[in-house]
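Here are the chains, one letter per residue:
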Protein chains: 4
Amino acid sequence: MDFAYDAVTSSFRDRLLEFMESHVYPAEPVFHAQLLSAADRWSVPPVVEELKAEARRRGLWNLFLPGEHGAGLTNLQYAPLAEIMGRSPNLGPAATNCAAPDTGNMEVLAEFGTEAQRKEWLEPLLEGRIRSAFAMTEPDVASSDATNIGTLITRDGDDYVINGRKWYISGAMNPNCKIFIVMGKTDPDGPRHQQQSQILVPRDTPGMTIKRGMHVFGYDDADHGGHAEILFENCRVPAENLISTPGSGFAISQARLGPGRIHHCMRLIGMAERAVELMCRRSLVRTPFGKPLAEQGVVQEWIAESRVRIEQLRLLVLKTAWLMDTVGNRGAHTEIQAIKIATPETVQWIIDKAIQAHGAAGVSQDTPLAELWAKARSLRLADGPDEVHKRSLARRELKRYA
Amino acid sequence: MDFAYDAVTSSFRDRLLEFMESHVYPAEPVFHAQLLSAADRWSVPPVVEELKAEARRRGLWNLFLPGEHGAGLTNLQYAPLAEIMGRSPNLGPAATNCAAPDTGNMEVLAEFGTEAQRKEWLEPLLEGRIRSAFAMTEPDVASSDATNIGTLITRDGDDYVINGRKWYISGAMNPNCKIFIVMGKTDPDGPRHQQQSQILVPRDTPGMTIKRGMHVFGYDDADHGGHAEILFENCRVPAENLISTPGSGFAISQARLGPGRIHHCMRLIGMAERAVELMCRRSLVRTPFGKPLAEQGVVQEWIAESRVRIEQLRLLVLKTAWLMDTVGNRGAHTEIQAIKIATPETVQWIIDKAIQAHGAAGVSQDTPLAELWAKARSLRLADGPDEVHKRSLARRELKRYA
Amino acid sequence: MDFAYDAVTSSFRDRLLEFMESHVYPAEPVFHAQLLSAADRWSVPPVVEELKAEARRRGLWNLFLPGEHGAGLTNLQYAPLAEIMGRSPNLGPAATNCAAPDTGNMEVLAEFGTEAQRKEWLEPLLEGRIRSAFAMTEPDVASSDATNIGTLITRDGDDYVINGRKWYISGAMNPNCKIFIVMGKTDPDGPRHQQQSQILVPRDTPGMTIKRGMHVFGYDDADHGGHAEILFENCRVPAENLISTPGSGFAISQARLGPGRIHHCMRLIGMAERAVELMCRRSLVRTPFGKPLAEQGVVQEWIAESRVRIEQLRLLVLKTAWLMDTVGNRGAHTEIQAIKIATPETVQWIIDKAIQAHGAAGVSQDTPLAELWAKARSLRLADGPDEVHKRSLARRELKRYA
Amino acid sequence: MDFAYDAVTSSFRDRLLEFMESHVYPAEPVFHAQLLSAADRWSVPPVVEELKAEARRRGLWNLFLPGEHGAGLTNLQYAPLAEIMGRSPNLGPAATNCAAPDTGNMEVLAEFGTEAQRKEWLEPLLEGRIRSAFAMTEPDVASSDATNIGTLITRDGDDYVINGRKWYISGAMNPNCKIFIVMGKTDPDGPRHQQQSQILVPRDTPGMTIKRGMHVFGYDDADHGGHAEILFENCRVPAENLISTPGSGFAISQARLGPGRIHHCMRLIGMAERAVELMCRRSLVRTPFGKPLAEQGVVQEWIAESRVRIEQLRLLVLKTAWLMDTVGNRGAHTEIQAIKIATPETVQWIIDKAIQAHGAAGVSQDTPLAELWAKARSLRLADGPDEVHKRSLARRELKRYA
């Protein structure tokens, strides 16, 4: 047992920390100013492209991707880097081409795509020239269980025809989001876990209509393409757009879940660290009753609790990454659920305290806190509500004694 | 001791409940559609004026205002009505001319205004022809303690000249908000509680610049005039615009606090009731694992806890109203603090659970829950953060044994 | 709606408060000293009899009992008195002959007993000459649902024969506990709520064996007769010992539940008030870091939260008492469940904070806090665990929308 | 970074787990029966000696002690073993001669004792022939800060004379507790951290009076020597009984704190694991409403939360042990505080849930849960209340930004 980062991780951490300090944090106010003055609400502020160029130049690119196509890091090596990116969640991941849902989509294409699919979509994604979306969640069913998905993908000659309604499809409003991986049923009467397939749908395919941007506590998240409600009405794509074989959709979605959650959780921890830093800095300078907030017992309690909880969370996420590397995603299933249960809720609590220490500024657009909070809160629902994961984890625990 | 509503209250409750069912709830989707399609983001949707006309016709008008100018109800009689209005917080209070901050402003003008001030501003406010704002909070100081306010109101011949910066001035972006009550210091070197004055500043007075709308977790609350940041630079108004005498500003602000908090808390309880109703209705129809959410133990726990907490909160707020009626705002000081501490936090908790029961819909614009949550959360900071009130209440408790 | 105590209540409160100050609190150290030096661990310290004589002389006697046999108070009038007694839970209720389970037993005998039963058992109980027990809970079943009870009460000629095992039968180890009301099934095959009966079993009836005293977190509660495990093996009593008619046991047990819970909850609130007082007093004199605990923000937070929660709880319990008086126990069912859910948990939280403020002394025998805590904690289980009540209350809430 | 146990740890774990199954758990009922029937309440049940003999035979002896005198394990290697012992906290540590406060006392003697002191006291302690106590905490001061200690150790010729009052001196009532390490001031006017010394006081030294056993929520913990209040009145011991040099007491006490807390925390985690196991087993067989508790959502929530929290806690404690091994106790200071803050509170929460799942049995003497709870709760105060550690940790965090 050893709690030190290995040399590769340490080196990447140093370089990434330096990049955050020198480029990413300074770009935050620029980013917000560009957003406010943008002609097209859904376009990405130009500063993001500048950051991407710089990150790529520095070799801080596609760090999330194992194997030949990416940086070749393990989950355990990448996790501490995702945390650092998460400190500036609108810029850090995007600058390094490590932003969801592109990450998962690239993984899927790298692992399951045909050569043609990889050439057409993976390549520009790896180069950061386009963005992508993953269309799974539906408003009408509890989508955390992928077997509930109702969208139909029906074979018709050399094509597949898609019908269904999706929502909260992140990134889809971004005009540069060129490709959608759509999950649906090719065989609704087949065995429960073999009914689903994933299929590639290029933007502007007739029959696919982006209806509106969904909100998250007042935020439309326009800066990274929002969260679209999308209607598929007889949307037709060639049969070769199917990823892997018909019926493999559920298995593919499982494969992307583990890394996706690790990434989310590590970024959340970075967000928590950002919140603690802001809480400390504010507490040191604000003196509501003649002495700094930093000397008030209640604020000290918040800071201490935040630190203690973050340390525990990080270790659990790192151990989970290590398990995924050593025994595989399946072997790490319980731990993946555990971090999904623990991280958003804990981080939400920490950010709430940081907000409270800021007074009205905390809920405003003048600090990142309110937006960070909304991100953390929504992750208690995304990929399945906490309660679903708790139920599943408890059943596994109970089985040990049954 | 008697826990039954009196006849006047019961009668008003019945009439108000009927009005909510027949007019207010049906107007909600209209209101949101009009907001989305409005040319001017900050204008009020026309349906609000229709509701106002109907409420006035029904005698459901100015219910908050005791004495000759209003409905003449006691705090205890009004409180259950404010709760009902709060179930639809964007429409209920506005429809009945009982919306903050007009309510407090009308109280101040009715009690402290000169005949000329009342004629010019109270009258149109009572008739619902204009709206108003109360400009107290400042970004640079802990404004919960009014003695910290830094804005200067300096006598200059027959005028007063105002300099300072305010923010989170609710309602100010609404073009129909015609009058601002501004709090500042006329005597910065006087005794601590006699430095402040309140003064009337009409919209469009030169020197007063509305800089921007502040956000609350992504919401700009444009539907009721937002929350403005306002800059006063040598803003000049006639000396007769001062309310009451110079140095009376702190006392006046204290007078408006008690009723204001009762109103806020009762509306919050109405919001909590709305959330519980939505949680129950959703739980009865959503069946994520083959049986309704309503039969899941965890959801039952949320519903039961919500009910138990609401019942306790309501009684404490009602008792506080009764105390204000019987021993005055000063005598009810501890209870007013207690409801300010307990209500926003508890209601926030309840709404959070209702959100969780809704999945992604809960954080979206498709239910009122996310917006209700943001309102409740921000009230843990507005009028002073919880911690300030806890500190003060604890000290009073400790004095009993010192 | 009126939150003032009526004249009768106020007068009794004043007299009871005076009695507590002049006699009960001063008797606490005497009581503990007598307990430590007692020859028989299960006998009651003599100071209790002295307090009883004094309380009776002052007319502070049987206050809990409505109707001719007792003081004739309503639930709403008695509740604030039970709170005051609860401040010294080992002495206050016992001194005034208002201690559980005698209270419930006297209610049952007064309402359902035959003249002979009342003469033999109610009379000496009313006079405080003997104590009693109520034997319902069983180790082998979830006894919160009385229909689960497994003990058999079988008719055999002119007798009933009892077989079964009970535990946590409070007061039973006290040698002066002369009569047991035992709950069991006379008709195990009858309709579900008519299988049960209650029957009187005098101490020392052959076949009834008191096996041992059960503990509550290390406490055996010897001062008031402990909590016995009792074995009934062919325990035979005359048929006229049955209370009311065969099959009425469930209905009788329901009748005693409402008042019993009100009493428990009000005493708990008194315990919470005691804890807050101790926390405040300690905080004012203990100066761990050069300034009193009372000036530490965290302790102030505890005190404020405690006050705010107590005020809410008390109002809900009082309203429930009022409902029982005005619409009956059945009409107050939801509220009775609500106070059962809210009170023990909240009071436990408050006492925990008071303990924390006392350091090691808080968990010791040198303050009443640890023992108060154990009482509050065990009431989250007694009369059914919180979760059972939450489930039931939630279902009722859901029915409003089904 | 590597989360696997090393070979030494794995081997010891296997052997210890086997010993627990084959000998320790089966001894628990014997232990309790012997306690109940013991003539001397404070003597140790004979089964403990049998377990010690067996453990020693198996080489499971003095595992806690690094270096030549003990098993030579690192903190990181020992921690998982302490967790296993903690599953049976009355027997596991005692059986393996790894019970507090002997562990700390042996460490102190091994590191700071003279050869004579080691021969006289360390040797029999290492062999498990005697027990020992550490007399630091005082009723009159906040003892978590050792500089507050008021007991005086005054040089008088060739002796030291001790005067003061101690309490909660664990193990002291055990007649086999032969030696006390007493902390006090030899130089009350010296520099703040050089006033204290530690000195050896053999049992039965004149002037040392054991006054009484202190309670912890009703428990006197007689099975391992209780928690004594001790009065020192002109208690005289030879000067050579002083440990190390005069003024070194504070430094020595700091040296023992780190390992002591690691041990406490790991044992607590073992207690939590025991509680979860009991909760699961109970939930699988108890069927209060026609289906097992294990299928109730609320119980599943408890089990899942418990698992998620334990996993996080364990990792933080292990990392802390690793830090102590790699950068020393000083370098691990923040983490040691963090585990002290997090562990008792979290474990207390878990045990509380297990209690709730057991109903009345949970608070009784029939499961270990109530006693485990009391141990966990008291550790939120022992070695300083949580709040002290939070304050200190927060200040360190704030310094990063000051």
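Residues numbered from 1 in each chain as written. Chains lettered and ligands numbered in written order. Predicted model: local features only at pLDDT ≥ 70, side-chain atom pairs only at ≥ 80, totals over all residues.

Caption draft 1: Seen up close, the UniProt feature "domain: Acyl-CoA oxidase/dehydrogenase middle" (unreviewed entry) in chain A. Mapped onto this numbering, the UniProt entry gives "domain: Acyl-CoA oxidase/dehydrogenase middle" (unreviewed entry) at residues 133–235 of chain A. Across residues 133–235 of chain A, the secondary structure splits into 0% helix and 50% strand, with the terminal C-alpha atoms separated by 16 Å. (UniProt positions renumbered as here; feature names shortened; annotations may be inferred. Helix = DSSP H or I, 4+ residues; strand = E, 2+ residues; numbered from the N terminus.)

Caption draft 2: Examining the pairing of strand β2 (residues 152–156) of chain B more closely. Here β2 of chain B pairs with strand β3 (residues 159–170) of chain B via 5 bridges, running antiparallel. Opposite arginine 155 of chain B, over in β3 of chain B, you have tyrosine 160 of chain B as the bridge partner. (Pairing = 2+ DSSP bridges.)

Caption draft 3: How the structure looks around the environment of alanine 228 of chain C. All names here are of chain C. Turning to its location among the elements, alanine 228 is positioned in strand β7 (residues 227–238). The buried category is assigned to alanine 228, around which 26 C-beta atoms lie within 10 Å. Spatially, the C-alpha atom of alanine 228 lies 28 Å from that of alanine 53, the residues being 175 residues apart in sequence. Here alanine 228 is in contact with Ile169, Ala172, Met173, Ile210 and Gly213, once residues within four sequence places are set aside. (Buried ≥ 20, exposed ≤ 12 C-beta atoms within 10 Å, placed from the backbone. Contact = placed C-beta atoms within 7 Å.)

Caption draft 4: Representation of the interface of chain C and chain B. If you look at the interface, chain C gives 40 residues, while chain B gives 40 residues. At the level of secondary structure, the elements contributing two or more residues to the side of chain C that touches chain B comprise α7 (249–285), α8 (297–331), α9 (333–358) and α12 (386–399) of chain C. With 16 residues, α8 of chain C is the single largest residue contributor to the side of chain C that touches chain B. Taken together, the residues of the side of chain C that touches chain B sort by class into 24 nonpolar, 4 polar and 12 charged. (Nonpolar A, V, L, I, M, F, W, Y, C, P; charged D, E, K, R; others polar.)

Caption draft 5: Molecular detail of the domain arrangement of chain A. Residues and elements named next belong to chain A. On domain assignment, one finds that chain A holds domain 1 (7–126), domain 2 (131–247) and domain 3 (250–399). Once you take the C-alpha centre of each, domain 1 and domain 3 turn out to be 21 Å apart. Counting from both sides, the interface comprises 20 residues of domain 1 and, opposite them, 22 residues of domain 3. Among the elements of the structure, α3 (75–86) and α5 (102–112) are those that each provide at least two residues to the side of domain 1 that touches domain 3. Of the residues forming the side of domain 1 that touches domain 3, the biggest block, 8 residues, is contributed by α3. Considering only residue class, the side of domain 1 that touches domain 3 consists of 11 nonpolar, 5 polar and 4 charged. (Domains from an automatic or database assignment.)

Caption draft 6: The arrangement of the nonpolar core in detail. By size, the foremost hydrophobic cluster in this structure holds 532 residues, and its most contacted members are Ile351 of chain C together with Ile351 of chain D. In this structure, isoleucine 351 of chain C is in contact with Met271, Ala272, Ala275, Leu369, Leu372, Trp373 and Ala376 of chain C, ignoring residues within four places of it in sequence. (Core = buried A, V, L, I, M, F, W, Y, C linked by C-beta atoms within 7 Å.)

Caption draft 7: Seen up close, helix α6 (residues 115–126) of chain A. Residue and element names in this part refer to chain A. Relative to the 16 Å expected for 12 residues at 1.5 Å per residue, α6 spans just 15 Å between its end C-alpha atoms, considerably shorter than the ideal helical length. What α6 keeps buried is the set Trp121, Leu122 and Leu125. Each buried residue of α6 lies within a common arc of 95 degrees when the element is viewed along its axis, so the set occupies one face. The outward face of α6, more than 90 degrees from its buried face, is lined by the exposed residues Glu115, Ala116 and Lys119. (Expected span 1.5 Å × (residues − 1). Arc of directions from axis to C-beta.)

Caption draft 8: Region of the structure containing the relation of the copies chain C and chain B. Superposition of chain C onto chain B requires a rotation of 180 degrees combined with a translation of 0.0 Å along the rotation axis, giving an RMSD of 0.0 Å. Given the turn and translation reported, the copies of this chain are related as if by a two-fold rotation axis. Interface overlap between copies: 100% of the residues of chain C at the interface are likewise at the interface in chain B, consistent with a symmetric, same-surface contact. (Least-squares fit on C-alpha atoms with pLDDT ≥ 70 in both.)

Caption draft 9: Local environment of the relation of the copies chain A and chain D. After a rotation of 180 degrees and a shift along the axis of 0.0 Å, chain A superposes on chain D with an RMSD of 0.0 Å. A high fraction, 100%, of the interface residues of chain A reappear at the interface in chain D, so the copies pair face to face through one surface.

Caption draft 10: The interface of chain A and chain D, seen in detail. Opposite the 40 residues of chain A that make contact, chain D presents 40 residues. Ranked by residue count, the leading element in the side of chain A that touches chain D is helix α8 (residues 297–331) of chain A, at 16 residues. Of the residues that constitute the side of chain A that touches chain D, the class distribution is 24 nonpolar, 4 polar and 12 charged.

Caption draft 11: Representation of the packing of α8 of chain A against helix α9 (residues 333–358) of chain D within the structure. The N-to-C vectors of α8 of chain A and α9 of chain D enclose an angle of 90 degrees; their axes lie 10 Å apart at closest approach. Compared by their axis directions, α8 of chain A and α9 of chain D come out roughly perpendicular. Side by side, α8 of chain A and α9 of chain D meet where Ala304, Arg307, Val308, Glu311 and Gln312 of chain A of the first sit next to Ala338, Ile341 and Ala342 of chain D of the second. Of the residues assigned to the contact of α8 of chain A with α9 of chain D, the class counts are 5 nonpolar, 1 polar and 2 charged. (Axes fitted to C-alpha atoms, helices over the stretch in contact; angles between N-to-C directions. Parallel < 35°, antiparallel > 145°, perpendicular 65-115°, else oblique.)

Caption draft 12: Region of interest: the UniProt feature "domain: Acyl-CoA dehydrogenase/oxidase C-terminal" (unreviewed entry) in chain A. Mapped onto the present numbering, the UniProt feature "domain: Acyl-CoA dehydrogenase/oxidase C-terminal" (unreviewed entry) falls at residues 247–396 of chain A. Taken end to end, residues 247–396 of chain A has its terminal C-alpha atoms 27 Å apart, with 82% of it in helix and 0% in strand.

Caption draft 13: Looking closely at the confidence of the model for chain A. With 100% of its residues at a pLDDT of 70 or more, chain A shows a mean pLDDT of 96. Scoring the predicted complex yields pTM 0.97 and, for the interface, ipTM 0.97. (pLDDT = per-residue confidence, 0-100.)

Caption draft 14: The arrangement of helix α2 (residues 47–57) of chain A in detail. Residue and element names in this part refer to chain A. Among the residues of α2, those classed as buried are Val47, Val48, Leu51, Lys52 and Ala55. Mapping the buried residues of α2 onto a view down its axis gives an arc of 140 degrees, with all of them on the same face. Exposed residues lying more than 90 degrees from the buried face of α2 are Ala53 and Arg57. Elements that come into contact with the buried residues of α2 comprise α1 (7–36) and α4 (92–95). One or two positions beyond α2, positive phi appears at glycine 59, with a value near 75 degrees.

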